[in-house]
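This is what each chain is made of:
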Amino acid sequence: MLRSALLAASRSPQVRTVVEKFPPTHAIVERFVAGEALDDAVTACDDLVATGRKVTLDHLGEDTQDAAQAAGTAEAYEHLLTALKETGLAAGAEVSVKLSAVGQFLPVDGEKIALENARRICAAAADAGTTVTLDMEDHTTTDSTLAIARELRADFPWLGVVLQAYLRRTEADCREFAGAGSRVRLCKGAYKEPESVAFQGKHEVDLAYVRALKVLMAGEGYPMIASHDPNMIKIAGQLAQWNGRKRDSFEYQMLFGIRPEEQLRLAGEGNTMRVYLPYGQEWYGYFMRRLAERPANLTFFLRAMATRG
Ligand SMILES: Cc1cc2nc3c(=O)[nH]c(=O)nc-3n(C[C@H](O)[C@H](O)[C@H](O)COP(=O)(O)OP(=O)(O)OC[C@H]3O[C@@H](n4cnc5c(N)ncnc54)[C@H](O)[C@@H]3O)c2cc1C
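Residues numbered from 1 in each chain as written. Predicted model: local features only at pLDDT ≥ 70, side-chain atom pairs only at ≥ 80, totals over all residues. Heavy atoms only, no water.

Draft legend 1. Molecular detail of the overall build of the protein. On a plain count of helices and strands, the protein comes out with 13 helices and eight strands. Within the protein, the fraction of its 309 residues that count as buried is 54%. (Helix = DSSP H or I, 4+ residues; strand = E, 2+ residues; numbered from the N terminus. Buried < 20%, exposed > 50% of the residue type's maximum accessible area, 1.4 Å probe, protein only.)

Following this line, the structure appears as structure tokens:
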């Protein structure tokens, strides 16, 4: 019921106008999104890097309707990567890309268009001296996203992929993606998924996260622990020790605006701490869909407003 209402609202221009003008929404959005313009993103990135954190930037935009829009998103990433190179930020900042934003869902040749646009972004990242991570969306896209990742990795072996611990398939995917040099971002998963493909309760998801993390930490790749959960962070540290991992062989990741003091603590201890930093004009859809995809996210965002630790 709540999910349907939020999804309907995410597509309504009338509701959009109201929400965009509603001051409390702005307060929340400003906390989680760097701003609408490229300059806002670069400034926020610079601020984070100055505090010893690394960054992954997401140019907001999903729901791509046509090939021109998909190409426009790839171009926006190229501009971003040029800006990171020119400002000297590329050493501390990479980009995260949703394949749906570069055409994956287009009815004709969607996967091919997404692959080519993602390839453009990877080439720009290589030129800037940084990397790209492909975000993961709902489970219907997992096979397609991993297939595109495998293809891109032939030319860009540093390409990162996201695996979602709540999916029953993920432990097996971790085994495939735990090879030498493989950058894998492990998150719990943010979408509403059916029981047939995903663990449902928090406890079950947490256990699945730890099982997946054990595989990644024991492997030869580069695990990226994307969680705000103190238990997951503690367990990640222990697993790193047990597997004899050096601090530069894995990293922690959190969303911009969530647990900033914990981010600084982890960075201050000599860990790599990367902040996921979204920016762009499409924040409304991003924000509403995040709430709709998993109603628990509503609590997640509201709690973040109340707790800064
Ligand atoms: C860098 C990054 C990239 C991501 N990329 C993707 C992606 O590509 N695809 C995808 O599906 N999902 C992605 N996610 C979202 C992810 O799947 C989860 O929905 C989200 O991170 C919440 O899960 P959690 O691990 O933080 O723990 P939760 O189970 O939500 O929370 C566990 C505990 O963490 C602490 N905590 C959580 N939130 C807060 C808060 N706001 N303030 C204070 N404490 C808090 C609390 O102690 C809480 O009990 C990403 C997350 C991150 C951090």
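Moving on from the model shown.
Draft legend 2. The arrangement of the packing of aromatic side chains in detail. Applying the stated rule across the entire model yields two aromatic pairs. Here phenylalanine 156 and tryptophan 158 contribute two aromatic rings whose centre-to-centre distance is 5.4 Å and whose plane-to-plane angle is 55°, an arrangement assigned as tilted. Relative accessible area serves as the criterion here: at 10%, phenylalanine 156 is assigned to the buried category. Residue tryptophan 158 is classed as partly exposed on the basis of its relative accessible area of 21%. A centroid spacing of 5.7 Å and a plane angle of 80° characterise the contact between phenylalanine 250 and tyrosine 252, whose relative ring orientation is edge-to-face. Here phenylalanine 250 and tyrosine 252 have matching classes, each one buried. (Phe/Tyr/Trp six-rings, centres within 6.5 Å; stacked < 30°, edge-to-face > 60°.)

Draft legend 3. A look at the site of the ligand. Neighbouring residues of the ligand: 26 residues in total, closest Met136, Lys188, Gly189, Ser227 and His228. In the model, an oxygen atom of the ligand is placed 3.0 Å from a nitrogen or oxygen of the alanine 190 main chain. In this structure, an oxygen atom belonging to the ligand sits 3.5 Å away from a main-chain N or O atom of aspartate 229. When isolated, the ligand has an accessible area of 950 Å², and the protein chains bury 86% of it. Counting residues per element, the ones that place at least two in the shell around the ligand are strand S4 (160-164), strand S5 (183-187), strand S7 (251-255) and helix H13 (296-306). For the shell around the ligand, a count of residues per class yields 13 nonpolar, six polar and seven charged. (Near = heavy atom within 4 Å. Polar contact = N/O pair within 3.5 Å; in protein donor to acceptor, adjacent residues only side chain to side chain. Areas by Shrake-Rupley, 256 points an atom, 1.4 Å probe, with all protein chains shown as cover. Nonpolar A, V, L, I, M, F, W, Y, C, P; charged D, E, K, R; others polar.)

Draft legend 4. Region of interest: the nonpolar core. The biggest cluster of nonpolar side chains holds 71 residues, and the ones touching the most others in it are Leu57, Leu84, Val95, Ile121 and Leu152. Excluding its chain neighbours within four sequence positions, the residues that come into contact with leucine 84 are Cys45, Leu57, Leu89, Ala90 and Ala93. (Core = buried A, V, L, I, M, F, W, Y, C linked by side-chain atoms within 4.5 Å. Contact = heavy atoms within 4.5 Å.)

Draft legend 5. Region of the structure containing the side chain of glutamine 253. Within the element layout of this structure, glutamine 253 appears in strand S7. Accessibility expressed as a relative area gives 5% for glutamine 253, which makes it buried. For glutamine 253, the side chain forms a polar contact with the side chain of arginine 185, separated by 2.7 Å. Excluding residues that lie within four positions of it along the chain, glutamine 253 makes contacts with Arg185, Met224, Ile225, Ala226, Ser227, Met273 and Arg274.

Draft legend 6. Highlighting helix H9 (residues 202-218). Helix length check: H9 (17 residues) gives 24 Å between terminal C-alpha atoms against 24 Å at 1.5 Å per residue, within 8%. Of all the positions in H9, only Val205, Asp206, Ala208, Tyr209, Val210, Ala212, Leu213, Val215, Leu216 and Met217 are classed as buried. Looking at the buried positions of H9, the neighbouring elements they touch are helix H8 (170-176), S5, strand S6 (222-226) and helix H10 (230-242). (Expected span 1.5 Å × (residues − 1).)

Draft legend 7. Here's a closer look at the sheet that holds S5. Pairing is parallel around the closed barrel formed by eight strands, whose spatial order is S1-S2-S3-S4-S5-S6-S7-S8. Sheet twist, expressed as the average angle between the axes of neighbouring strands with direction ignored, equals 30°. Across three bridges, S6 lies against S7 in parallel orientation. Across the sheet, residue alanine 226 finds its bridge partner in S7, namely glutamine 253. (Pairing = 2+ DSSP bridges. Axes fitted to C-alpha atoms, helices over the stretch in contact; angles between N-to-C directions.)

Draft legend 8. The arrangement of the pairing of S4 in detail. With five of five residues buried, S4 is to be regarded as a mostly interior element. With two bridges joining them, strand S3 (residues 132-134) and S4 adopt parallel strand pairing. Looking at the pairing, leucine 134 lines up with valine 161 of S4. Assessed by its sense of winding, the connection that carries the chain from S3 through helix H7 (residues 142-153) to S4 is right-handed. Direction of pairing for S4 relative to S5: parallel, over a ladder of four bridges. Each bridged residue has a counterpart across the sheet, and for valine 161 the counterpart in S5 is valine 184. Crossover handedness for the path S4 to H8 to S5: right-handed. (Right-handed = clockwise from strand over helix to strand, strands pointing away.)

Draft legend 9. A look at H10. Relative to the 18 Å expected for 13 residues at 1.5 Å per residue, H10 spans 19 Å between its end C-alpha atoms, a close match to the ideal helical length. Turning to H10, its buried residues are Met232, Ile233, Ala236, Leu239 and Ala240. The buried residues of H10 occupy an angular sector of 125° when projected down its axis, which confines them to one face. Exposed and oriented more than 90 degrees from the buried face of H10 are Lys234, Gln241 and Trp242. Immediately downstream of H10, the backbone of glycine 244 shows phi near 65°, a positive value. (Arc of directions from axis to C-beta.)

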